[in-house]
Amino acid sequence: MPRYLVNSAILESGQNPKTCAEGAAKMLSHGKIKDIEAKACYCCTGENRVAFLIDGPSQDAVLEIVQEQLDIPVASIMEAEEVMQPQEAS
């Protein structure tokens, strides 16, 4: 399943980024929303934003869940691929 990097727009005044990220992680974990799972959630209190790594069937499906069900404004979403650092020889 593809993985997406989702960056929020600036959250509404009074909305705590850490609380927002924690709440979204709970909603997106362990199959609570079919075919969508959060792999990592991050918050930036100084910028009043959150970011997520989410596995989902499509960019549109992930965008709909984040905006509609989680009520988080999305600034950008893109498919992402993890690149592993090479191991140093011992």
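What comes next is a walk through the structure. Values in this document were obtained by computation on a predicted structure and should not be read as measured data.

### Focus: the pairing of strand β1 (residues 3–8)
Here β1 shows a buried face lined by Tyr4, Val6 and Ser8 and an unburied face lined by Arg3, Leu5 and Asn7. Bridging between β1 and strand β3 (residues 49–55) involves five bridges; their strand directions are antiparallel. Residue pairing in the sheet places Arg3 in a bridge with Asp55 of β3. In the sheet, β1 pairs with strand β4 (residues 74–80) via six bridges, with the strands oriented antiparallel. Paired with Arg3 across the bridge in β4 is Ala80.

### A look at the side chain of Ser29
By secondary structure assignment, the location of Ser29 is in the loop between α1 (17–27) and β2 (37–44). Polar contacts involving the side chain of Ser29 include one to the main-chain carbonyl oxygen of Lys26, which spans 3.2 Å.

### Overview of the pattern of salt bridges
Going through the model one piece at a time under the given rule, you end up with three salt bridges. Note that Arg3 is salt-bridged to Asp55, the shortest N-O span being 2.7 Å. Pair noted here: Arg3 is in strand β1 and Asp55 is in strand β3, with a separation of 52 residues, a long-range link. The shortest N-O distance in the salt bridge between Lys39 and Asp55 comes to 3.9 Å. Here Asp55 lies in strand β3 and Lys39 lies in strand β2, a separation of 16 residues in the sequence. Lys39 gets classed as partly exposed once you look at its relative accessible area, which sits at 42%. Among the ionic contacts, a cluster of salt bridges with common partners joins Arg3, Glu37, Lys39 and Asp55.

Rules behind the numbers
Residues numbered from 1 in each chain as written. Predicted model: local features only at pLDDT ≥ 70, side-chain atom pairs only at ≥ 80, totals over all residues. Heavy atoms only, no water. Buried < 20%, exposed > 50% of the residue type's maximum accessible area, 1.4 Å probe, protein only. Helix = DSSP H or I, 4+ residues; strand = E, 2+ residues; numbered from the N terminus. Pairing = 2+ DSSP bridges. Polar contact = N/O pair within 3.5 Å; in protein donor to acceptor, adjacent residues only side chain to side chain. Salt bridge = Lys/Arg side-chain N within 4 Å of Asp/Glu carboxyl O.

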